[in-house]
Amino acid sequence: MAGYVTTTVHAGQVSLDRPRHITEPRMIQWFLIAIALIFLGFMLILPLASIFVEAFRKGWEVYAAALIESDAAAAIRLTITVAAVSVPLNLLFGIAAAWAITKFKFKGKNLLMTLIDLPFAVSPVISGLIYVLLFGARGWFGPWLQAHDIKIIFALPGIVLATVFVTFPFVARELIPLMQAQGTQEEEAAVTLGAGGWRIFWNITLPNIKWGLLYGIILSSARAIGEFGAVSVVSGHIRGSTNTMPLHIQILYNEYNFAGAFAIASLLVLLAVVTLGVKSFIEWKFKAQQHREGE
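Note that the structure is predicted; figures quoted are calculated from it, not measured. (Residues numbered from 1 in each chain as written. Predicted model: local features only at pLDDT ≥ 70, side-chain atom pairs only at ≥ 80, totals over all residues. Heavy atoms only, no water.)

**Things to note about the overall build of the protein chain**
Logical step 1: Helices and strands together make up the secondary structure of the protein chain, namely 13 helices and four strands.
Logical step 2: Scaling as 2.2 N^0.38, a compact globule of 295 residues should have a C-alpha radius of gyration of about 19 Å, whereas the protein chain reaches 25 Å, well beyond that.
Logical step 3: Projected onto its principal axes, the C-alpha coordinates of the protein chain cover approximately 80 × 65 × 30 Å.
Logical step 4: Taking all 295 residues of the protein chain together, 36% fall into the buried category.
Logical step 5: The contacts of the protein chain with a sequence gap of at least 6 include a subset with a gap of at least 24, amounting to 66%.
Logical step 6: Of the roughly 18000 Å² that the protein chain leaves accessible, carbon and sulfur atoms contribute 69%. (Helix = DSSP H or I, 4+ residues; strand = E, 2+ residues; numbered from the N terminus. Rg over C-alpha atoms; globule rule 2.2 N^0.38 Å. Buried < 20%, exposed > 50% of the residue type's maximum accessible area, 1.4 Å probe, protein only. Contact = heavy atoms within 4.5 Å. Areas by Shrake-Rupley, 256 points an atom, 1.4 Å probe, with all protein chains shown as cover.)

**Overview of the UniProt feature "transmembrane region" (unreviewed entry) in the protein chain**
Logical step 1: When the UniProt feature table is mapped onto this chain, "transmembrane region" (unreviewed entry) is found at residues 30–53, 73–99, 111–132, 152–172 and 258–282.
Logical step 2: This span, residues 73–99, is 100% helix and 0% strand, and a straight line between its end C-alpha atoms measures 39 Å. (UniProt positions renumbered as here; feature names shortened; annotations may be inferred.)

**Things to note about the UniProt feature "domain: ABC transmembrane type-1" (unreviewed entry) in the protein chain**
Logical step 1: Sequence positions flagged by UniProt for "domain: ABC transmembrane type-1" (unreviewed entry) are, in local numbering, residues 76–279.
Logical step 2: Strand forms 0% of residues 76–279 and helix 79%; the C-alpha atoms that close the span are 22 Å apart.

**Points about the layout of surface pockets**
Logical step 1: Put simply, the largest pocket is a space of about 210 Å³.
Logical step 2: Lining the largest pocket we find F135, G136, A137, G142, L145, Q146, D149, I150, K151, I152, I153 and F154.
Logical step 3: Considering each element in turn, the lining of the largest pocket owes the most residues, three residues, to helix 6 (residues 142–147).
Logical step 4: Across the lining of the largest pocket, the residue classes tally to seven nonpolar, three polar and two charged. (1 Å grid on protein atoms, 1.4 Å probe; cavity = no way out; pocket = protein on both sides within 12 Å on 5 of 7 lines; lining within 4 Å. Points joined across faces, edges and corners; volume = space filled by probe spheres on them. Nonpolar A, V, L, I, M, F, W, Y, C, P; charged D, E, K, R; others polar.)

Here's what the structure looks like:
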């Protein structure tokens, strides 16, 4: 195989194929792998395992009671609601932004790409303060909202807005490089055959970007479910009303209700593990599709 060292047998020992550019001794390779595993063990696996140990320390009955408690149930419902609203909005924005950037030439394209990356550079707390300054009681639109009995801050709309702000780059940033790599040849060929814009999108563009789209949706959903900073600023921390799961965990922990805090935290960890599994599956399917197309 080109680029690999062939398998050899010496005194009953088999040496596996290795890329030719790897010249480090086996000891160095195993040493680096051991460092990575030890680091992951102490920084990731051990803390995650401790969450489940603490969650079940007082038994299954206490764990289940912590999840079905009224404030906890309200926090779970609110978290799911916020994700269910913000992710589709991010989906629409991501497709529109990626389509505009990759398919059209216009002034300000670089500025648009910079603005898409802005939430990565801005602290989530700052993004929450932005909406307080806009829609708070003393904000720009606060008096008008109060006069019309419209509540955004310390209510569901403000939480959704803050979550959308911190999550909207994920779908767009997954689609833009993918659509740039694919080019516009297939769409241009469809136009010459008389196909309309929607038909081109549904029959050509969407099938080509489906795996990247799903990947972006998963990342956006994971961030929406676990967002703390921006939501903390605009929520008001009203128990049973505006507390999402991360906020409810903080309140329970500050009240020394460790069983309840770790029970909700374990649920977030389970959601993260499921997200990671779906993400890995999509990556595997996408690579398999690329391999089939390359044959």
